[in-house]
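The residues making up each chain are set out below.
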Amino acid sequence: MIQGTTKLFGLVGHPVEHSCSPLIHNTLASLMKLDMIYVPLHVYPENVNQVLKGAYALNIQGMNVTVPYKNVILQQLEDVDPFAVQVGAVNTLKKTQTGYKGYNTDTSGLFLSLISRGITLQNKTVVIIGGGGAARATAMLCAKEKAAGITICNRTRNKAEMIKKDILQHYDIPINVVTPDEFILQNAVDLCFQTTSLGMHPKVKESPVQNHTFFSAVKVAVDLIYNPGKTKFLQMAQSNHCTIINGLGMLLYQAVQAFEIWNEVKVPPDVVEQVRELLSERYQWI
Ligand code: ATR
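Just so it is clear, the model here is predicted, and its values are computed rather than measured. (Residues numbered from 1 in each chain as written. Predicted model: local features only at pLDDT ≥ 70, side-chain atom pairs only at ≥ 80, totals over all residues. Heavy atoms only, no water.)

A few words on the overall build of the protein. Of regular secondary structure, the protein possesses nine helices and twelve strands. Computed over its C-alpha atoms, the radius of gyration of the protein comes to 19 Å, within 12% of the 19 Å expected for a compact globule of 286 residues. When its C-alpha atoms are laid out on the principal axes, the protein stretches across 60 × 40 × 35 Å. Evaluated residue by residue, the protein yields a buried proportion of 50% over its 286 residues. With the model as given, the accessible surface of the protein reaches about 14,000 Å², and the carbon-plus-sulfur share is 53%. Side-chain charges of the protein comprise 25 positive and 22 negative groups, with the mean position of each set lying 2 Å from the other. (Helix = DSSP H or I, 4+ residues; strand = E, 2+ residues; numbered from the N terminus. Rg over C-alpha atoms; globule rule 2.2 N^0.38 Å. Buried < 20%, exposed > 50% of the residue type's maximum accessible area, 1.4 Å probe, protein only. Areas by Shrake-Rupley, 256 points an atom, 1.4 Å probe, with all protein chains shown as cover. Lys, Arg positive; Asp, Glu negative; His and termini not counted. Charge placed at Lys NZ, Arg CZ, Asp CG, Glu CD.)

Glancing now at the environment of C242. Mapped onto the fold, C242 is located in the loop between helix 7 (232–239) and strand 12 (243–245). Each C-alpha atom, one on C242 and one on V220, is 5.3 Å from the other, the two residues being 22 residues apart in sequence.

Below, the discussion takes up helix 6 (residues 157–170). Each full turn of the α-helix corresponds to 3.6 residues, which orients residues three or four apart in the same direction. Over its 14 residues, helix 6 extends 21 Å from the first C-alpha to the last, a length consistent with the 20 Å expected when each residue adds 1.5 Å. Listing the buried residues of helix 6 in full gives A160, I163 and I167. The buried residues of helix 6 occupy one face: seen down the axis, they fall within an arc of 55°. Seen from the buried face of helix 6, the exposed residues on the opposite side, beyond 90 degrees, are N158, K165 and Q169. Summarising the contacts, the buried residues of helix 6 are in contact with helix 5 (133–144), strand 8 (149–153) and strand 9 (175–178). (Expected span 1.5 Å × (residues − 1). Arc of directions from axis to C-beta. Contact = heavy atoms within 4.5 Å.)

The next thing to look at is helix 5. In a regular helix each residue adds 1.5 Å, so twelve residues correspond to 16 Å; helix 5 covers 16 Å between its end C-alpha atoms and thus fits that length. Where helix 5 is buried, its residues touch helix 3 (82–87), helix 4 (105–115), strand 7 (125–129), strand 8, helix 6 and strand 10 (189–194). Where helix 5 ends, the next residue or the one after it, K146, has phi of about 65°, a positive value.

Here the focus is the site of the ligand. Around the ligand, the neighbouring residues are G130, G131, G132, G133, A134, N154, R155, T156, K159, T196 and L198. Here G133 contributes a backbone N or O atom positioned 2.9 Å from an oxygen atom of the ligand. Here T156 contributes a side-chain N or O atom positioned 2.4 Å from an oxygen atom of the ligand. Considering only residue class, the shell around the ligand consists of two nonpolar, seven polar and two charged. (Near = heavy atom within 4 Å. Polar contact = N/O pair within 3.5 Å; in protein donor to acceptor, adjacent residues only side chain to side chain. Nonpolar A, V, L, I, M, F, W, Y, C, P; charged D, E, K, R; others polar.)

Glancing now at the sheet that holds strand 4 (residues 79–80). Within a sheet, neighbouring strands are paired by backbone hydrogen bonds and run either parallel or antiparallel to one another. The strand order across the open sheet formed by six strands is 2-1-3-5-6-4, and the pairing between neighbours is mixed. With one partner strand each, in any of the chains shown, strand 2 (36–42) and strand 4 form the two edges of the open sheet. Alignment of strand 4 against strand 6 (residues 100–103), held across two bridges, turns out to be parallel. Residue pairing in the sheet places V80 in a bridge with G102 of strand 6. (Pairing = 2+ DSSP bridges.)

Written out as structure tokens, the structure reads:
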């Protein structure tokens, strides 16, 4: 029930209509019995510079930030979590005395989603497909968590080289940059992350990897896409006996982490599971 004391939270993005964050956060609020509401806040590009001032004036307690504002908002914040600075993107803002503090729970969400499947990153060999913001965040997470080495495979070499350069400013880790044409897997790979939008609904027949032999060296294939639940990439990986993980866990845990930061609470595992079931129903595995 919305009442005079209800705290306001929301999602800043463009577009925001298809987001399931309102469903996740309002369900969490109800299960955790907190007096809050989470609403979509559609921000048009010409207004993005006023978001923080406007939200602060309206006493909005916290926001998620989605495409295309994860970088631009970071540059406007007074306080940012150090790892979010390294990633170069924020997706969670919490109101403070003077403004908003930014965090990146996409990365901690991805990490927790792996942990929930019993998978850690330390000493693992990692291949990352893609060179955009999601690839950058994944690569920075793997470096922070002390992976043994990272190969970034992207169509545009330059973008992957930029990510490599940024990671090496913070971490001492072997990083290899390749393009798909020149990429030959020679050694076993513990984890392969698919970070491009290829295979996302409605283009479900696409995959950045076409060759089935690629998967013979891969133990765990992770696709950051959650709709469809099983992308072409994951279908191929599964038929080649890889363990497969989709983006649903990352979606779930980035939200749980944001919720915990905002409300200074710990969401118990059974509540996380209830929200996971709700999401699984919505994003049926096809
Ligand atoms: P995000 O910030 O969400 O990661 P992005 O910046 O648009 O999204 O990055 C998408 C990534 O998918 C890019 O690395 C892109 O490759 P390029 O750097 O060469 O542009 C990759 N990508 C998109 N479409 C692709 C395709 N058809 N084949 C291969 N890679 C593709």
